[in-house]
Amino acid sequence: MNTKSYFFQSFAIVALAFVAFIGFKQILPDKIFPDSKVDSKNVLIDSLLLESVANDSLALKGGNVSENEKKEAGEKITFNASEGIEFPSETFENYKGYQYLISFYDKLYELEKNPQAKVRIAYYGDSMTDGDLIVQDVRSNYQERFGGSGVGFVPITSESAASRASVKSTYSKNWKTQSYLNVKNPASPFGVNGHVFFANNKANTTWVQYEAGLNKYATTLENPTLFYGRSTRKGNVNFIIGKDTLRKSLVPGNLVNTLKVTSGSIKSFKANFINSDSIPIYGFNFDNGSGVHVDNFSQRGNSGLPISMFNANVMQGFNNNLKYDLIILHYGTNVLNYGTKNYSWYEKGMTKVVNKIKESFPGVSVLIISTADKSTKYNMEMKSDSAVVPLMKSQKRYALDTESGFVNLYTLMGGDGSMVKWVDESPAKANKDYTHFNQRGAKAIGKLLYDQLNKGYEQYKVLRENRSTDVNKRKTVRKTNTDSVSVTKDSVDE
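From a predicted model like this one, the values you see are computed outputs, not experimental measurements.

Caption draft 1: Molecular detail of the overall build of the protein. Looking only at helices and strands, the protein has 11 helices and 22 strands in total. Residue burial in the protein is summarised as follows: out of 494 residues, 50% are buried. In the protein, once contacts between residues fewer than 6 apart in sequence are set aside, the share between residues at least 24 apart is 75%. Of the roughly 23,600 Å² that the protein leaves accessible, carbon and sulfur atoms contribute 51%.

Caption draft 2: Quick peek at the side chain of Asp 295. Checked against the element boundaries, Asp 295 lands in strand β17 (residues 291–298). Look at Asp 295 and you get buried, because its relative accessible area is 0%. Within the structure, Asp 295 has its side chain in polar contact with the backbone nitrogen of Phe 153 (distance 2.8 Å). With sequence-adjacent residues up to four places away left out, Asp 295 is seen in contact with Arg 120, Ile 121, Ala 122, Tyr 123, Val 135, Val 151, Gly 152, Phe 153, Asn 285 and Tyr 324.

Caption draft 3: Looking closely at the sheet that holds strand β8 (residues 206–212). On the basis of which strands lie adjacent, the open sheet formed by five strands has the order β5-β8-β15-β11-β12 and antiparallel pairing. The open sheet terminates on both sides in strands that have one partner only, identified here as β5 (167–171) and β12 (244–250). Each strand of the sheet is rotated relative to its neighbour by a mean of 20 degrees, with strand direction disregarded. When strand β11 (residues 235–241) meets β12, the two strands line up antiparallel, connected through seven bridges.

Caption draft 4: Inspection of the packing of aromatic side chains at higher detail. Per the counting criterion, the structure on display carries 34 aromatic pairs. The interplanar angle of 75 degrees and the centroid separation of 6.3 Å between the aromatic rings of Phe 104 and Tyr 142 together place this pair among those described as edge-to-face. Pair noted here: Phe 104 is in helix α4 (residues 102–113) and Tyr 142 is in helix α5 (residues 135–146), with a separation of 38 residues, a long-range link. What makes Tyr 142 buried here is its relative accessible area of 1%. Centroid distance Phe 227 to Phe 318: 5.7 Å. Interplanar angle 10 degrees. Geometry classified as stacked. Highlighted residues: Phe 227 in strand β10 (residues 225–228) and Phe 318 in helix α6 (residues 312–322), separated in sequence by 91 residues. For the pair Phe 227 and Phe 318, one class covers both residues: buried.

Caption draft 5: Representation of the environment of Asn 319 within the structure. Position of Asn 319 among the secondary structure elements: in helix α6. Asn 319 sits 63 residues away from Val 256 along the chain, and the two C-alpha atoms are 9.8 Å apart. Those residues in contact with Asn 319 that lie beyond four places of it in its chain are Tyr 324, Phe 361 and Pro 362.

Caption draft 6: Region of interest: the environment of Ser 172. Tracing the chain through its elements places Ser 172 in the loop between β5 and β6 (176–179). Aside from chain neighbours lying at most four places away, what touches Ser 172 is Thr 205, Thr 206 and Trp 207. Among the polar contacts listed, one links the side chain of Ser 172 to the side chain of Asn 174, at a separation of 2.6 Å. One polar contact links the side chain of Ser 172 to the main-chain amide nitrogen of Trp 207, over a distance of 3.0 Å.

Caption draft 7: Structural context of the layout of surface pockets. Its boundaries defined by the atoms lining it, the second largest pocket holds a volume of some 420 Å³. For the lining of the second largest pocket, the secondary structure elements donating two or more residues are β4 (152–155), β5, β6 and β17. Taken together, the residues of the lining of the second largest pocket sort by class into nine nonpolar, 14 polar and four charged. When we break the lining of the second largest pocket down by domain, the ones giving at least three residues each are domain 1 (42–148 + 292–494) and domain 2 (153–288).

Parameters and conventions
- Residues numbered from 1 in each chain as written.
- Predicted model: local features only at pLDDT ≥ 70, side-chain atom pairs only at ≥ 80, totals over all residues.
- Heavy atoms only, no water.
- Helix = DSSP H or I, 4+ residues; strand = E, 2+ residues; numbered from the N terminus.
- Buried < 20%, exposed > 50% of the residue type's maximum accessible area, 1.4 Å probe, protein only.
- Contact = heavy atoms within 4.5 Å.
- Areas by Shrake-Rupley, 256 points an atom, 1.4 Å probe, with all protein chains shown as cover.
- Polar contact = N/O pair within 3.5 Å; in protein donor to acceptor, adjacent residues only side chain to side chain.
- Pairing = 2+ DSSP bridges.
- Axes fitted to C-alpha atoms, helices over the stretch in contact; angles between N-to-C directions.
- Phe/Tyr/Trp six-rings, centres within 6.5 Å; stacked < 30°, edge-to-face > 60°.
- 1 Å grid on protein atoms, 1.4 Å probe; cavity = no way out; pocket = protein on both sides within 12 Å on 5 of 7 lines; lining within 4 Å.
- Points joined across faces, edges and corners; volume = space filled by probe spheres on them.
- Nonpolar A, V, L, I, M, F, W, Y, C, P; charged D, E, K, R; others polar.
- Domains from an automatic or database assignment.

Below, the structure is given as structure tokens:
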């Protein structure tokens with residue numbers, strides 16, 4: 001090959017690569033191409049989201065409103081009765097899906113009648129719930145009304161450990177962490193929080209330490225219990241509580257194993273893992289055994305799609321211990337702004353996620369929380385991003401298709417232009433990125449979410465009581481008819 005043709009071939013390859021890069025960049029999130037001032041170590045986007053966007057990039061260019069969306073806008077949604085309870089019909093526009101939360105409401109009703117009962121919620125989210133924001137307020141509202149204390153399940157390591165006030169945790173730097181955000185084939189299955197941790201004792205002791213936070217219902221660590229996975233080798237862990245050291249063995253025979261640190265309440269403890277390098281460690285659970293408990297499974301950069309990688313058998317192992325009644329999926333922040341307003345690809349992916357959840361946690365209710373409002377600069381003015389409403393409607397569609405409850409967070413916080421108001425008002429309730437809530441705003445959002453769920457619960461109680469009244473009426477009618485037949489028969493005999 002002569003030098004000239006080789007040069008032009010090389011130039012053509014470089015040019016095509018450049019064009020491909022520019023084209024692909026348009027459909028990838030800005031966070032992947034950060035400014036020089038951004039610390040790239042903290043930039044997280046889940047791998048499944050990138051693959052979905054890349055695979056569907058050609059189909060996403062249309063951006064037109066789908067025919068299904070047009071039809072659903074005026075379509076009446078009716079429900080089939082569940083255990084004799086049927087919520088009023090809805091439209092797509094106002095869809096909340098309380099009908100599909102009946103099993104969760106059943107458990108709340110049982111708890112209200114018996115304070116020793118227990119209700120558990122898993123709250124999966126992205127950076128919106130980082131540091132236990134929003135979730136801690138949902139938790140507090142439920143525990144205020146129904147009882148319960150403790151922060152629930154807490155991972156070994158976390159990006160938000162330093163900023164979380166509801167529980168304080170520190171840990172050694174020699175933990176090996178694998179996350180469902182960027183690892184497809186972990187050394188051991190992911191835990192219920194989407195992570196798996198391994199101790200590395202080659203040089204120094206691997207440890208984690210927890211201390212109770214200052215939240216009203218989390219001032220102590222309740223019944224601390226370690227969750228760990230299966231391994232062919234045993235290990236040990238030393239729990240240091242004050243001046244005492246408890247030496248215990250790890251026997252990793254099951255897919256999911258538990259080890260209680262101590263019964264009752266303590267303020268803090270440290271766990272040193274000894275000769276346990278091969279054992280998958282998942283985290284610790286803290287709850288007092290009654291009332292409502294809410295686990296925060298937040299992960300920055302998450303679209304929700306990685307949940308589809310859960311091992312259903314492992315999740316059922318967690319569920320045998322934790323017994324979930326409601327699973328909340330709160331995503332959207334990392335899905336906006338992909339050069340499209342057609343989120344059918346995300347709809348399909350999240351439908352698989354909800355189906356995986358229902359396989360993993362049989363009988364559980366599922367609640368979808370939509371994207372919040374997000375503002376972008378248009379002609380030098382901050383306005384609601386044009387992709388927010390299309391994504392919200394897509395989330396509503398897969399909630400409806402999967403028979404899940406739905407919270408329209410966009411309209412709940414005020415709808416069009418609301419994020420600008422939340423940022424600009426004094427005192428501000430959201431950050432200057434016009435995307436995330438600050439602590440004050442997160443508390444307000446947590447109350448709004450709780451209020452909508454509770455509104456559904458109050459309606460459920462009325463429907464349940466009406467059902468009981470109807471049953472009693474039917475019993476009375478049957479008894480009256482039976483008595484009449486008996487009287488008639490007696491008359492004939494006479």
